[in-house]
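Residue strings, one per chain:
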Amino acid sequence: MTPELYRQLLATTTGALLLTAVLQVWGRSLLRSIALLAVQGAALAALVLTVGLHAGEPEAPLVALLVLVVKSVLLPWAMFRSARLVGETRERAAQVSTAVELIVAAGLTLLAYVVSGPILGPDAAGQAVPVGLSLVLLGFWQLLVRGSAITQLAGFLLLDNGIAAVSFLTSGGLPLTVELGASLDVLLVVLILGVLVVRLQRQQGHADITELRELHD
Amino acid sequence: MAALIWLPLLLPSLLAALGFGLRRRRWTMWLPIAAAAVVLLAGIALLVAVQGSGAVVTGAGLLRADPLSAWLLSVVGAVAVISLWGGLPEPGTEERAGGVHAALLCLFLAAMTLAVTADNLGLMWVAIELTTITTAFLVASGGGRNALEAAWKYVVLGAVGVAIAFLGIVLLSAASQGGGEATLSWTLLLQRAPVLDPALLRVAGALTVLGFATKAGLAPMHAWLPDAHSQAPAPVSGLMSGVLLSVACYAILRVQAVVDAGVGPELMRILLLTGGLLSLAVAAGLVLTQRDYKRLLAYSSIEHMGLLALGAAAGGQLAIAALLLHMLGHGLVKATMFVLAGRISSLTGSHRIADVHGLLQRRPDLGSPFLLGAAALLGLPPFVTFFTEVAIVVAGFSRGLTLPFLAACGLLLLGFAGIARQVLAMTVGAGRVRGAAGGSAASPSTAPGSGWPRRAPVVVALGLTAVLGFAAWPLAGTLLAAVAALGGVR
Amino acid sequence: MIEPLLVIVVHLVFAVAITPVLIGVMRTTRARLEGRSGGGIGQPWRDLRKLLAKEPTRAPGSTPVLVAAPILLMVSSLVLCALIPLVSTLALASVPGDLFVVVSVLLLGTVALALLGLESGTAFGGMGSSRHMVIAALVEPTVLLSVYALSVPAGSAVLAAIVQSRREDLSSLANPVSLLAIVALVVVVVAETGRLPVDNPATHLELTMVHEAMILESGGRDLGWLELGSWLRLTALLGLVVNLALPWAVARDAGVTGLLVGVAGTTVKLLAAGALLAAVEVFLAKLRLFRVPELLAGSFLLAFLSVSASYLVF
């Protein structure tokens, strides 16, 4: 792979990751969030393939396939199933308006660039680490401000995608066993949260978690 | 020898599959206890084995049992046995088919084994996340809105916290490239630590410890703990408080060893001191206002975890050895207390402290262990917690951390007062215990559930905690070996 | 010295000539898609001719703003057309078509129009002015950031230089930096020139007006200058966007063939872009004013991302 092509591909995939993360913040449709997550998973798989092929790893296509299957197919399917069971496709009004959310998202991306000083690596992939960090911060932000259980789940998956991006950009990924285990864990978390969401909806008639405030001191 | 690692991993998994497959049978409730017993026996056997011939490595280098792992495994087994045995439903009560419950508990034990015997930090992370997942359903199984809320908070906060730890581990892997190929093996990381990039190591270590501190219930990331531990069924609460928190602490110790070897002890010391003192403060402040006794026990767990964090911050042989012994003592006592709390709640039908009076008088088989267990939690002699708490404080002073540890003593005293007051109100206060079957005519010794098989786990646990402090000599060698396994630079 | 002046004259003549045609094409596209026959492509030109021949009605008690504002708008639009590389990228050395100069000139026209709206003293005029300024304020960061992002690989903030470097390095066109910046610029064009979904130029309902409300009280020659000035802004900004997105056929210098090719190329690109814009407008509804900040914040975010992406690759 020529260095130019490598840099272009890296720029395209990381750009797609960032764009899908940011578009998640914009808009209130749950189905759109899930679709964006699927696209993001595909972009992540492309990133894995690019970095892996450039480094000459023989198992790069396998890992990329694993990432694609889990993050682009299985997880969005599980979320879509939960959304359908709960019967909600649009989110109710969140605590902060969309414009504020978007500005804060821009600020968080900037923050990711500022704080990622010690983590930047020497090569092109290492320079792209702030993208992964901004995905992490955006995932946190979404977990914080959104009121629907399903968008909180989407925020968590965004967080996880960001961490996966950082892992592939800094060290070419983790051993296959750990990747498998981590994917399994995330899948199980999504499934469990899906079940809890359904139970939540049966208990209180809707899937908003803003009213879960009974237990406190 | 390697079989001693595979046994506690595979057998509980098999039992879990069995429990899930035959989930309608009543005898499935014995499966978790069998799994716990296997873990305990394997742990003790491993302790003996590794002291004789050094660490046991298996599974293509991914699994490794050194004295520290063996000790943790024994702690996990012991606490699990007490918790699950004591948490068995009363004979004669109709329990709904609990095969899935039993399967989840067995899976939990297998995941705990994997977490303590993994040499690869990533695998350790996977195992700890797996425990979140298995306990999530167990917490929600209490039914009702509060249990659901507790489970939701637990999963979300737990998963997020553990995700931060994953970010830290990913960065550790990146940092490890400074010494060769990227690796997550703890032994290799410890070897390479002095040559790794300090800034990256700092960030990675801080993030990992932050993530695992969330799992250990250290303030300010403790918000999920009171809810989850109070809403879960009693044996599950005991397991979570005794086992899960200790293993999260073990993970912190492992990461701390690597970071200290690389950049010196200051960073971890500051992080753990802050977490420990904040946890003590939170617990001391909130125990006085508790109205639910299970929540009270959860805050006591936060307090003890804070103490463990302070011990880890102090470092050195005395502190770490005391820390490890404290894990055992606290685990046993907390499991007992939760078992008793479960029995009290099924007796009085209420979770509130205000609804429980005069236990010592009315039901001494519940009241006296409860009082004794509370004494152990408060760190009164002759219980082992007295010795370990004193040891940690002395170690802190001797390492020059006078001011933080003075503050810790003050906060411990505050917590002492709060917990003592609540427990005394429950056990010694006047008033009638509201019997669920309306019978205060039943004499205490013939009350259902007060027979010897039911009292046994409680008595064993409390007895062990009372005796352990004096059995330090035989244990000293084991503990010191476990401390040395951490890489003894400190 | 002569050549840049020649280029500027060509720009001005071209802009003034093509503008009514562009507006006519856009209106006809929209009409045909909506099933109407429309007024024909030459109608805006005929309207302009009629208006410029009429005497303006000026109420007694009106300030010089009423006279000056249309001319100021016209002048600012012409300066914009002169500076933006519509046909050729040969720039005047003494007055650089810099990012900040362009934005300031845009703002000059905006403020002139807003003052005109206030001038009339009616409620609708004031309402239009305040809405107009809100949108202008919100869109300004986006303009600055997106052009800045495009200027990073080119090494210069002069628009002509940016277009030239993009023409020479074709791989920069499919870059995520470019794509994000162009998308953000399209939103800017829509917002600055008062097209759907920010403002409906064909509305008759005063309460929904932004741009039309400010020119309600003008008539005759004044209205002619105002209309032409606003249309010229559309030409200039749309021309900038198409030349940034597809920099082929833009002349390099002031040679006759180059200029002719440039004129032809830009005409085709401009009319196609205009028709596309009009076609998309058929399917859009005007946003409520409270939702416009969302749209502009989103475009700001895209511009911001393009700036961060430009540091990734370069």
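Refer to the structure printed above.
Residues numbered from 1 in each chain as written. Chains lettered and ligands numbered in written order. Predicted model: local features only at pLDDT ≥ 70, side-chain atom pairs only at ≥ 80, totals over all residues. Heavy atoms only, no water.

Caption draft 1: Quick look at the overall build of chain B. If you tally the helices and strands in chain B, you get 19 helices and two strands. Along the first, second and third principal axes, the C-alpha set of chain B runs to 75 × 55 × 45 Å. With 490 residues in all, chain B has 62% of them scored as buried. Expressed as a percentage of contacts within chain B between residues at least 6 apart in sequence, the contacts between residues at least 24 apart total 81%. (Helix = DSSP H or I, 4+ residues; strand = E, 2+ residues; numbered from the N terminus. Buried < 20%, exposed > 50% of the residue type's maximum accessible area, 1.4 Å probe, protein only. Contact = heavy atoms within 4.5 Å.)

Caption draft 2: Summary view of the state of the cysteines. All names here are of chain B. Taken as a whole, this structure holds zero disulfides over all chains when the rule is applied. In this structure Cys409 is a free cysteine whose sulfur lies 19 Å from that of Cys249, the closest cysteine sulfur available. Taking the relative accessible area as the measure of exposure, Cys409 reaches 27% and is therefore partly exposed. (Disulfide = S-S within 2.5 Å.)

Caption draft 3: Main features of the nonpolar core. Core analysis: the largest hydrophobic core is formed by 324 residues, its most contacted members being B:Trp71 and B:Leu324. Broken down by element, this core gets its largest block of residues, 20 residues, from helix H6 (residues 144-176) of chain B. When sequence neighbours within four positions are dropped, the list of residues in contact with B:Trp71 reads B:Leu47, B:Leu324, B:Leu325, B:Leu328, B:Leu475, B:Thr478 and B:Leu479. Counting residues in hydrophobic clusters, the runner-up holds 10 residues, among them C:Leu66, C:Ala69, C:Ile215 and C:Leu226. (Core = buried A, V, L, I, M, F, W, Y, C linked by side-chain atoms within 4.5 Å.)

Caption draft 4: Expanded view of the interface of chain A and chain B. In this complex, chain A contributes 40 residues to the contact, which on the side of chain B involves 46 residues. Carbon and sulfur atoms make up 74% of the area that chain A and chain B hide from each other, which totals about 3800 Å². For the pair chain A and chain B, the number of links is zero salt bridges. Here chain A and chain B share zero residue pairs in polar contact (both at pLDDT 80 or more) between them. (Buried area = accessible area lost by both parts, 1.4 Å probe. Salt bridge = Lys/Arg side-chain N within 4 Å of Asp/Glu carboxyl O. Polar contact = N/O pair within 3.5 Å; in protein donor to acceptor, adjacent residues only side chain to side chain.)

Caption draft 5: Layout of the environment of B:Thr132. Residues and elements named next belong to chain B. Along the polypeptide, Thr132 turns up in helix H5 (residues 121-140). Of the residues examined, Thr132 reaches a relative accessible area of 4% and is grouped as buried. Sequence-distant contacts of Thr132, defined by excluding residues within four places in its chain, comprise Tyr154 and Lys215. Reaching out from Thr132, the side chain makes a polar contact with the side chain of Lys215 at a distance of 3.0 Å.

Caption draft 6: Representation of the packing of aromatic side chains in the model. Taken as a whole, this structure holds five aromatic pairs over all chains when the rule is applied. Note on B:Phe386 and B:Phe387: the rings are 5.4 Å apart at their centroids and 70 degrees apart in plane angle, and the pair reads as edge-to-face. In this structure B:Phe386 comes out as partly exposed when scored by relative accessible area, which is 29%. What makes B:Phe387 partly exposed here is its relative accessible area of 32%. With a centroid separation of 6.2 Å and an interplanar angle of 35 degrees, the aromatic rings of C:Phe300 and C:Phe304 are classed as tilted. Linking C:Phe300 with C:Phe304, this pair stays in helix H11 (residues 292-313), spanning four residues, or about one helical turn. (Phe/Tyr/Trp six-rings, centres within 6.5 Å; stacked < 30°, edge-to-face > 60°.)

Caption draft 7: Focus on the interface of chain C and chain A. Contacts between chain C and chain A engage 18 residues on the former and 21 residues on the latter. Buried area between chain C and chain A, both sides added, is near 1600 Å², and the carbon and sulfur share of it is 79%. Where chain C packs against chain A, one counts zero salt bridges. Here chain C is connected to chain A by zero residue pairs in polar contact (both at pLDDT 80 or more). Those elements giving two or more residues to the side of chain C that touches chain A turn out to be helix H7 (176-192) and H11 of chain C. Per-element accounting of the side of chain C that touches chain A gives the leading share, 14 residues, to H11(C). For the side of chain C that touches chain A, a count of residues per class yields 12 nonpolar, five polar and one charged. (Nonpolar A, V, L, I, M, F, W, Y, C, P; charged D, E, K, R; others polar.)

Caption draft 8: Examining helix H1 (residues 3-21) of chain B more closely. Residues and elements named next belong to chain B. End to end, H1 covers 26 Å across 19 residues, agreeing with the expected 27 Å (1.5 Å per residue, within 8%). Within H1, burial applies to Ile5, Pro8, Leu9, Pro12, Leu15, Ala16 and Gly19. Angularly, the buried residues of H1 cover 140 degrees about the axis, an arc narrow enough to put them on a single face. When the buried face of H1 is taken as reference, the exposed residues oriented beyond 90 degrees from it are Ala3, Leu14, Ala17 and Gly21. Those residues of H1 that are buried are in contact with helix H2 (31-53), strand E1 (56-58), strand E2 (63-65), helix H3 (67-86) and helix H4 (99-117). (Expected span 1.5 Å × (residues − 1). Arc of directions from axis to C-beta.)

Caption draft 9: Examining the pattern of salt bridges more closely. Taken as a whole, this structure holds 15 salt bridges over all chains when the rule is applied. Linking B:Arg363 and B:Asp365 is a salt bridge whose minimum nitrogen-to-oxygen distance equals 3.0 Å. No difference in accessibility class separates B:Arg363 from B:Asp365, as the two residues are buried. A salt bridge links C:Asp222 to C:Arg58; the shortest N-O distance between them is 3.0 Å.

Caption draft 10: Molecular detail of the side chain of B:Thr465. Residues and elements named next belong to chain B. Assignment of secondary structure puts Thr465 in helix H18 (residues 452-468). For Thr465, a relative accessible area of 1% puts it in the buried group. Ignoring any residue separated from it by four or fewer positions in sequence, one finds Thr465 in contact with Gly329, Leu332, Val333, Pro382, Phe383 and Val384.

Caption draft 11: Structural context of the packing of helix H15 (residues 364-378) of chain B against helix H17 (residues 402-427) of chain B. Residues and elements named next belong to chain B. Interhelical geometry of H15 versus H17 gives an angle of 180 degrees and a closest axis separation of 10 Å. Classified by the angle their axes make, H15 and H17 are roughly antiparallel. Residue-level inspection shows Gly367, Phe370, Leu371, Ala374 and Leu378 of H15 in contact with H17, the latter providing Gly415, Phe416, Ile419, Ala420, Val423, Leu424, Met426 and Thr427. Here the residues of the contact of H15 with H17 sort into 10 nonpolar, three polar and no charged. (Axes fitted to C-alpha atoms, helices over the stretch in contact; angles between N-to-C directions. Parallel < 35°, antiparallel > 145°, perpendicular 65-115°, else oblique.)

Caption draft 12: Expanded view of unusual backbone geometry. Going from B:Ala219 to B:Pro220, the amide bond is cis rather than trans, its omega being 0 degrees. Going from C:Leu196 to C:Pro197, the amide bond is cis rather than trans, its omega being 0 degrees. If you trace the backbone, C:Pro197 turns up in the loop between H7 and helix H8 (211-214). For C:Ala249, which is not a glycine, the phi torsion comes out positive at approximately 70 degrees. With respect to the helices and strands, the residue C:Ala249 is situated in the loop between helix H9 (220-245) and helix H10 (256-282). Taking the relative accessible area as the measure of exposure, C:Ala249 reaches 32% and is therefore partly exposed.

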